[in-house]
Amino acid sequence: MAQYHYDEAGNMAAYFLLTFLALVLVPTTLLSFRPAKQFSSGCQCQPCIQQRQRVSSLKPTFNKKTYFLVTGWVLLGLVGYKVANAELENRVYDPFEILGLKVGTAEKEIKSHYKKLSKLYHPDKVKATANMTIEAIQNRFVELTKAYKALTDETVRENLEKYGNPDGRIDVSMGIAIPKWIVEGKNNIWVLGFYGIIFGGALPALVGRWWFGSRQKTKDGINASSAGTFFKSLKEESSFEEVLGTFAKAFQWEFPARKAALSCALDNLEKQIEEKAGSKYQEVKKVCGDDTLSRKGLILLYAHLLRLDIQSSILRKEQRKILLHTPLLLNALLNIATSRNWLSPSLAVMRLHAYITQAVLPGPERIRFAQLPGITLEEVSTLAPKATDLGEFEQALVEKHDIRILDVKTALTKWGRVEIVDAAFRVIGERIVTPSSIVFLVVKLRISPPLSNHVQEKELNIDETKRRIKFNEEKDEEFLVNRKEAEELPPDNLLPGWVHAPYWPGERKPSWWIVLGDEKSNRVVVPPTKVTDVPFAQPNHERDYRSYKIQFQAPQNVGVFTWKVQLISDSFVNEDASHEITLKIEDASTLPNDVQFEDEISDPDEDSIAGQMAAMRGGPVKKKTIDGGSDDESTTDDDENDDDTSSDSDSD
């Protein structure tokens, strides 16, 4: 029968704790030392560099994860030291080791060695000291005697061989990795009290906090009350100001009430906002409502859009917190707008991302020039009045020898102006689109900055052109059947880094929404898809763009649908792109038999223009027939020959 004993020394518990700490700390530490993704190709203008330095200085040197790792490794070291210096209680009995002999020593040598040890360690010949008590001396001599008998006495040797112990069979002892004092009766009340606090108080409180906290949050990560307000306030005909006011209503639930101080500083800020924004601010304020927290958030948001200097450090921290939370709120607002298929409010929410990123108040077309480094909101109308795009604005600064031209050129070389190379509807394995079929909208994108380093494109001969066309067609087909929504990029493609955003209180990568909409009915045809890592244009590359695809089901009705593909930036103001696109839905049963199936579609003739274009693309063509024509042509020729023969006979 097994006997159980408790781990008085704590050795077994130390082994368990050591294993647990190692399993947690080792992978966590390796992940923390993984180098962060660096973007050396980000905007290198001086305002952006200074802003990134300010953002880095605001990051804490030691966060919670650092403190956890330091504490964990210190505890691991202490436990490891305890384990390394612990005395093993259950060691394998080895009489040779006890006597200090090698395994296989002859019996004669064992007896001789034992006599020497007995003279040295006999209790009558060893004096007790402070470090060696009489009991320890006696126990050592008993161990030597047992080991000697185990190697010389037949009975003891038999017990050692059968049971692994010279004393014969012993009961199995099972250790429990807890100290004995935990189960002693005098400590019951303390142990039960500890268990009651942990499992009856702390654990239910932790679970309840998580449960009720998760009930207050939506899947988008915002407060449920904020989502409800968005749902009730957003309308199909909402203007940009109404969308902004609806967005500001959420501040009262996203940022709980704190000390009602600094009202004077907020009033001063609001006066400056009213002077600069005028009636537009009053319209947004009316939609936002009279709630104190919403008003405070709206004031701090407008102070950012108007680039007003805030003197209070407390208000600056709160403004930074609000700005960093805006992408989450705007994404939730966008999901509500697109769930109702409203096109105009959806586009307004998307563009609001860029306005907040660049700290630009929505306004006329020329407000886009205020994104450039060093250009203030007041200068956009007077600095270069004839400029209509960023390139002309840069030329005007060059002509005026403006000292900001260097930073402007630096920013424009990495500007996030995206070009739609192509957009088309594709169906796997089909040439036509039938009702309710699965359709892919394939969009090819690349970034073409206004001041990109233009490289003269190499002229290709016919063979090189055919090879490039064939290569791109194969890549298109491969991507179409792939499950991924974005095409894999080769490692030599140039990708954008940190976006030009000198007023954004954080690091930000540029992204774009692909929107397929019907402007006539103000409807979103397909829920928008957000894409990133669009490559820069490289003219001499075989494929200097990236393909993205959106899957949807075709309409049930036969007809022609004219829609528009729009590309909306979340980082740059008025840098959108659009492309008109037509989807033709055909009923396969009404088509002629010779065009219902791809195999029955005839190839173009070799000597026709369509045949020559198909040959350049590497497609099939119909070879020209050398022998006679068709049966109809032969009949016609025979008729003509008969006529000639009859006319000759008449003449005779």
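Going by the structure above, here's the rest.
Residues numbered from 1 in each chain as written. Predicted model: local features only at pLDDT ≥ 70, side-chain atom pairs only at ≥ 80, totals over all residues. Heavy atoms only, no water.

**Let's talk about the overall build of the protein chain**
On a plain count of helices and strands, the protein chain comes out with 22 helices and nine strands. Looking at the 652 residues of the protein chain, the share that counts as buried comes to 37%. Considering only intrachain contacts with a sequence separation of at least 6, the fraction spanning at least 24 residues in the protein chain is 69%. For the protein chain, the computed accessible surface area is about 40,000 Å², with 54% contributed by carbon and sulfur atoms. (Helix = DSSP H or I, 4+ residues; strand = E, 2+ residues; numbered from the N terminus. Buried < 20%, exposed > 50% of the residue type's maximum accessible area, 1.4 Å probe, protein only. Contact = heavy atoms within 4.5 Å. Areas by Shrake-Rupley, 256 points an atom, 1.4 Å probe, with all protein chains shown as cover.)

**Examining helix α13 (residues 279–288)**
Of the positions making up α13, those classed as buried are Tyr-281, Val-284 and Cys-288. Within α13, the buried residues cover an arc of 65 degrees as seen down the axis, which keeps them to one side. When the buried face of α13 is taken as reference, the exposed residues oriented beyond 90 degrees from it are Ser-279 and Lys-286. Summarising the contacts, the buried residues of α13 are in contact with α10 (240–248), α12 (263–277) and α14 (292–305). Looking one or two places after α13, you find Gly-289, whose phi comes out positive at around 100 degrees. (Arc of directions from axis to C-beta.)

**Re the pattern of salt bridges**
The tally for this structure, following the rule as stated, stands at 26 salt bridges. The partner of Asp-533 in a salt bridge is Lys-509, with the nearest N and O atoms 2.9 Å apart. Separated by 24 residues along the polypeptide, Asp-533 in the loop between β6 (523–532) and β7 (546–553) and Lys-509 in the loop between α19 (462–481) and β5 (511–518) bring together distant segments of the chain. Owing to a relative accessible area of 24%, Lys-509 belongs among the partly exposed residues under this scheme. One salt-bridge network, held together by shared partners, links Asp-267, Glu-270, Lys-285 and Arg-295. (Salt bridge = Lys/Arg side-chain N within 4 Å of Asp/Glu carboxyl O.)

**A short note on the packing of α10 against helix α15 (residues 313–339)**
Interhelical geometry of α10 versus α15 gives an angle of 120 degrees and a closest axis separation of 11 Å. The element α10 and its partner α15 pack so that their crossing is right-handed. Residue-level contacts link Val-243, Thr-246 and Phe-247 of α10 to Thr-326, Leu-329, Leu-330 and Leu-333 of α15. Looking at side-chain class alone, the contact of α10 with α15 contains five nonpolar, two polar and no charged residues. (Axes fitted to C-alpha atoms, helices over the stretch in contact; angles between N-to-C directions. Left-handed = near helix turned anticlockwise from the far one by under 90°. Nonpolar A, V, L, I, M, F, W, Y, C, P; charged D, E, K, R; others polar.)

**Overview of the state of the cysteines**
Going through the model one piece at a time under the given rule, you end up with zero disulfides. Cys-45 provides the cysteine sulfur closest to Cys-48, a residue in no disulfide bond, and the two sulfurs are 3.5 Å apart. Its relative accessible area of 2% is what places Cys-48 among the buried residues. (Disulfide = S-S within 2.5 Å.)

**Here we look at the nonpolar core**
The biggest cluster of nonpolar side chains holds 81 residues, and the ones touching the most others in it are Phe-247, Tyr-302, Ile-356 and Phe-393. Ranked by residue count, the leading element in this core is α15, at ten residues. Filtering out sequence-adjacent residues up to four positions away, Ile-356 remains in contact with Phe-247, Leu-301, His-304, Leu-305, Leu-323, Thr-326, Leu-330 and Trp-504. Core analysis: the next-biggest nonpolar cluster, separate from the first, contains 29 residues, Ala-423, Val-443, Ile-514 and Ile-550 among them. (Core = buried A, V, L, I, M, F, W, Y, C linked by side-chain atoms within 4.5 Å.)

**Describing the sheet that holds strand β9 (residues 577–585)**
Taken together, four strands build an open sheet; the order of strands is β6-β5-β8-β9 and the sheet is antiparallel. Strands with a single pairing partner mark the edges of an open sheet, and in this sheet they are β6 and β9. Strand-to-strand twist across the sheet, computed as the mean angle between neighbouring axes with direction ignored, equals 20 degrees. Across seven bridges, β5 lies against β6 in antiparallel orientation. Across the sheet, residue Gly-517 finds its bridge partner in β6, namely Val-524. (Pairing = 2+ DSSP bridges.)

**Points about the pairing of β7**
Counting buried positions along β7 gives six out of eight residues, so the element sits mostly inside the fold. By the bridge criterion, eight bridges tie strand β4 (residues 438–447) to β7 in an arrangement that is antiparallel. By the bridge assignment, Leu-441 is partnered in β7 with Ile-550.

**Focus: the packing of aromatic side chains**
In this description, an aromatic ring pair is defined by two values, namely the gap between the centres and the angle between the planes. Enumeration according to the criterion identifies twelve aromatic pairs in this entry. Ring geometry for Phe-194 versus Tyr-195: centroids 6.2 Å apart, planes at 90 degrees, classification edge-to-face. Classification of Phe-194 by relative accessible area gives exposed; the value is 55%. Seen from their ring centres, Phe-251 and Phe-255 are 6.0 Å apart, and the 50 degrees between their planes marks the pair as tilted. Accessibility expressed as a relative area gives 2% for Phe-251, which makes it buried. Given a relative accessible area of 13%, Phe-255 falls into the buried group. Chaining the aromatic ring pairs together yields one cluster made of Phe-425, Phe-552, Phe-561 and Trp-563. The residue whose ring lies beneath Arg-508 is Trp-504, and the NZ or CZ to ring-centre distance is 4.9 Å. Lys-549 extends its terminal NZ or CZ atom over the ring of Phe-440, reaching a point 5.2 Å from the ring centre. (Phe/Tyr/Trp six-rings, centres within 6.5 Å; stacked < 30°, edge-to-face > 60°. Lys NZ or Arg CZ within 6 Å of the ring centre and 35° of its normal.)

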